[in-house]
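Each chain, written out:
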Amino acid sequence: MSTLLFLIGEAFVNLRRNALVATGAVLAVFVSLALAFGALVFNELVRVNTLQWQEGDHLIIFLKDEGGPVAHSELLEQINDYPEVKNAWYMDKAGAYQEFLEIYSDQPALAATVTAADLPASIRVELDDISTYQEVQFRLVGHPLLRRLSVFSEGIERLLSLTGVLNSIGIGLVVLMGASAVVLIANTIRMAIYARREEIAIMKLVGAGNWFIRVPFIIEGATVGLLGGGLAAAAVFASHNLLERIPTDILIRFQVDPGFLLSRTILILAFGGLAGFIGSSLGLRRFLRV
Amino acid sequence: MIRLHNVAKVYDGGVVAVQEVSMDVRKGEFVFLVGPSGSGKSTLIRMCLREEKVTRGKIWVAGKDITKLPTWRVPYLRRTVGTVFQDFKLLPNKTVAENVAFALKVTGCPRSIVRRQVNTVLELVGLSAKTDRYPRQLSGGEQQRVSIARAFVNRPPILLADEPTGNLDPATSVGIMRLLDRINRTGTTVMMATHDFAIVDAMRRRVVQLDRGRVVRDQGESGYESSDES
């Protein structure tokens, strides 16, 4: 136990002596992991915002309450007869409420303020050809039951088709930034070891084993990784808080589930620590030959 | 305590440092390795510490064949052999007490024992009043005393010294030799490489003379030059 405390103490003495290089490494790891974390959050925002479009609803026709379900059914029949429409279906207030609860499952406070009566019934339309949405829109303009028409526009179509690409880019960015964090830490530890190579030689001469020499550097690397990861998580949390304050309509959300943020924060911190461990182990290898 | 059998060391490029050296150092003996620069004294000491591997031959230290020692066992060998060098090899960012304590901490020794042993050995080398100083705040002689304290703190059966007085003035060298002699009298085997003929002549101990990597003289209670020559 006293040996472990001694080694931890050595690691922090090393960090203090190496403060400038260590600070540089922490900031570099912070930038890498913040970008990686940012990519994860961005992917999640894209996923959340395109959730309702991913089930094939190209148009959502929100209906006024006048006329009730009977009038709504008549309109549904009319819409189903449109040549551009592949399929149309009716979502009543209860269904809309269920969907609302699903989308805002992470915000129970918001869900508590809304009841099924507050939400409009709607007709969801799937088109044969997405480019014909304007014709359907034209037919419905001025209809007495129409409250609002949400269009799954070509822009959204492109966004959705881009989602896969964005996901791949995001994952690629996470991997690249993670690898760069490992390399940065390995380099920092290698510089620290190079600066102290004579000390290491002396330690070996008095009988210090490789692990005795290695552990403080590994703790040093893991600390750099954890600090970098911690700063990255703090930056992403702060940015998310700022985004949350932007007023949005039902179509665009800048909030992600706090559970998602928390789990990814733990992941980023663990990755930071692991990157430090791997980086310092890599940096140490060639210096510890007897 | 130390036994070398037909030991040879050839460095990369074919430079022969040591050839066919055989010698025995008994428990409690004090042996001087003498010879001109490049005669192989330091290489012999480095091989006894497994800092260098032998090219041929065998070396036994404290009963163990260290030429067959796996790499992971080397630190354990070094814990049984105290070492003192010309350039002191102290850790610059540790105090006197921390430098000495380090040799015990690598063995996992409990803190209370470390403190007690460090105080005892610093008293032995006359540095009790300077425990909190850093190496840069000490004279050469004091730094060498710290180095000796570190080498002796875990009471090793063997102490190897490579030119320990090489950087010191004659008066300070005498003090260092007295200290090594005192350590030897506790039963520790001492093997010391040196150029300092005054010290060798004054001490009158066994002398092993090397020349171009070979043992050319091995004489008990001798001076720097052969008794036959003087």
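Note that the structure is predicted; figures quoted are calculated from it, not measured. (Residues numbered from 1 in each chain as written. Chains lettered and ligands numbered in written order. Predicted model: local features only at pLDDT ≥ 70, side-chain atom pairs only at ≥ 80, totals over all residues. Heavy atoms only, no water.)

**Here we look at the overall build of chain B**
This is how the line gets drawn: Put simply, DSSP marks the helices as runs of H or I at least four residues long and the strands as runs of E at least two long, and each gets a number from the N terminus on. When a residue's accessible area, from a 1.4 Å probe over protein chains only, is under 20% of the maximum for its type it is buried; when over 50% it is exposed; and in between it is partly exposed. Between two residues, a contact is recorded if the distance between any of their heavy atoms is within 4.5 Å. Note on areas: Shrake-Rupley, 1.4 Å probe, and residue coverage restricted to the protein chains presented here.
Within chain B, the secondary structure is distributed over seven helices and ten strands. Considering chain B as a whole, with its 230 residues, one finds that 53% of them fall into the buried category. Contacts spanning at least 24 positions in sequence make up 68% of the contacts within chain B whose residues lie at least 6 apart. Per element, the accessible surface of chain B, about 10300 Å² overall, is 47% carbon and sulfur.

**A closer look at the pairing of strand S10 (residues 214–222) of chain B**
All names here are of chain B. The condition is simple: In this description, strands pair whenever DSSP reports at least two bridges between them.
With six bridges connecting them, strand S9 (residues 205–211) and S10 associate as antiparallel partners. What sits directly across from Asp211, in S10, is Arg214. In textbook terms, the turn of a hairpin is the stretch between consecutive antiparallel strands, and for S9 and S10 this stretch comprises two residues, one of which, Arg212, has a positive phi near 45 degrees.

**Structural notes on the pattern of salt bridges**
This is how the line gets drawn: Any Lys or Arg side-chain nitrogen found within 4 Å of a carboxyl oxygen on Asp or Glu counts as a salt bridge.
All told, the structure shown has 21 salt bridges over all chains when counted by the stated rule. In this structure, Glu99(A) engages Arg124(A) in a salt bridge whose closest nitrogen and oxygen atoms are separated by 2.9 Å. In this pair, Glu99(A) is assigned in helix H4 (residues 93–103) and Arg124(A) in strand S3 (residues 122–127), connecting sequence segments 25 residues apart. Close ionic contact of Arg206(B) with Glu29(B) constitutes a salt bridge, the shortest N to O distance being 3.1 Å. Taken together, the residues Arg206(B) in strand S9 and Glu29(B) in the loop between strand S2 (16–25) and strand S3 (30–34) connect sequence positions 177 residues apart. Considered together, Arg206(B) and Glu29(B) belong to a single accessibility category, that of buried residues.

**Considering the side chain of Glu142(B)**
Residues and elements named next belong to chain B. The cut-off we apply is this: Nitrogen and oxygen atoms within 3.5 Å of one another constitute a polar contact, given that in protein one can donate a hydrogen and the other can accept it, and given that sequence-neighbouring residues count only through two side-chain atoms.
Secondary-structure assignment places Glu142 in helix H5 (residues 140–152). One polar contact links Glu142 to Lys130, side chain to side chain, over a distance of 2.3 Å. Every residue in contact with Glu142, bar those within four places of it in the chain, is listed here: Leu127 and Lys130.

**So, the packing of helix H2 (residues 19–49) of chain A against helix H10 (residues 258–284) of chain A**
Residues and elements named next belong to chain A. Here is the rule we go by: Here, axes are lines fitted to C-alpha atoms. For helices the fit covers the stretch in contact, and angles between N-to-C directions go from 0 to 180 degrees. What sets the label is the angle itself: under 35 degrees gives roughly parallel, over 145 gives roughly antiparallel, 65 to 115 gives roughly perpendicular, and the rest give oblique. For any helix crossing, the convention is left-handed if the near helix is rotated counterclockwise from the far helix by under a right angle, and right-handed if that rotation is clockwise. Polar here means any residue outside two lists: the nonpolar Ala, Val, Leu, Ile, Met, Phe, Trp, Tyr, Cys and Pro, and the charged Asp, Glu, Lys and Arg; Gly therefore counts as polar.
Look at H2 against H10: their axes get within 11 Å of each other, and the N-to-C directions meet at 155 degrees. Taken together, H2 and H10 sit at an angle that is classed as roughly antiparallel. The way H2 lies across H10 gives a crossing that is right-handed. Between H2 and H10, the contacting residues are Leu33, Phe37, Leu40, Val41 and Glu44 on the first element and Phe260, Leu261, Arg264, Thr265, Ile268, Phe271 and Gly272 on the second. Here the residues of the contact of H2 with H10 sort into eight nonpolar, two polar and two charged.

**Quick word on the packing of aromatic side chains**
Put simply, the rule is: The aromatic pairing rule takes the rings of Phe, Tyr and Trp, using the six-membered ring of Trp, and pairs them if the centres are within 6.5 Å, calling planes under 30 degrees apart stacked, those over 60 edge-to-face and the rest tilted.
Taken as a whole and assessed by the stated rule, the structure comprises five aromatic pairs over all chains. A centroid spacing of 6.2 Å and a plane angle of 55 degrees characterise the contact between Phe6(A) and Phe102(B), whose relative ring orientation is tilted. Residue Phe6(A) is found in helix H1 (residues 2–17), and its partner Phe102(B) is found in helix H3 (residues 96–105); the two belong to separate chains. Residue classification places Phe102(B) among the buried residues on the basis of a relative accessible area of 3%. The interplanar angle of 80 degrees and the centroid separation of 5.7 Å between the aromatic rings of Phe212(A) and Phe102(B) together place this pair among those described as edge-to-face.

**Concerning helix H8 (residues 197–205) of chain A**
Residues of H8(A) that are buried include every one of Glu199(A), Ile200(A), Ile202(A), Met203(A), Lys204(A) and Leu205(A), and no others. Count one or two residues on from H8(A) and you reach Gly207(A), which has phi positive near 100 degrees.

**Some remarks on H5(B)**
For an α-helix, the turn length of 3.6 residues means that residues three or four places apart are oriented alike. In plain terms, the rule: By this rule the span expected of a helix is its residue count minus one, scaled by 1.5 Å.
Relative to the 18 Å expected for 13 residues at 1.5 Å per residue, H5(B) spans 18 Å between its end C-alpha atoms, a close match to the ideal helical length. Where burial is concerned, most of H5(B) is hidden: eleven out of the 13 residues are buried. Taken residue by residue, H5(B) has Gly141(B), Glu142(B), Gln143(B), Gln144(B), Val146(B), Ser147(B), Ile148(B), Ala149(B), Arg150(B), Ala151(B) and Phe152(B) as its buried positions. In the core, the buried residues of H5(B) are packed alongside H8 of chain A together with strand S6 (81–85), H3, helix H4 (111–124), strand S7 (158–162) and helix H6 (170–185) of chain B.

**Regarding the pairing of strand S4 (residues 56–61) of chain B**
Residue and element names in this part refer to chain B. One ladder, built from five bridges, connects strand S1 (residues 2–10) with S4; its direction is antiparallel. The residue of S4 that forms the bridge with Arg3 is Trp60. Here S4 runs beside strand S5 (residues 64–65); their pairing, made up of two bridges, is antiparallel. Each residue of the ladder has a partner; that of Val61, found in S5, is Lys64. Connecting S4 to the next strand, S5, in antiparallel fashion are two residues, including Ala62 with a positive phi near 50 degrees.

**Some words on the sheet that holds S7(B)**
Residue and element names in this part refer to chain B. Read from one edge of the open sheet, six strands run S6-S7-S8-S3-S9-S10, paired in mixed fashion. Sheet topology places S6 and S10 at the edges, where each strand pairs with a single neighbour. Neighbour-to-neighbour, the strand axes of the sheet open up by a mean angle of 15 degrees, direction not taken into account.

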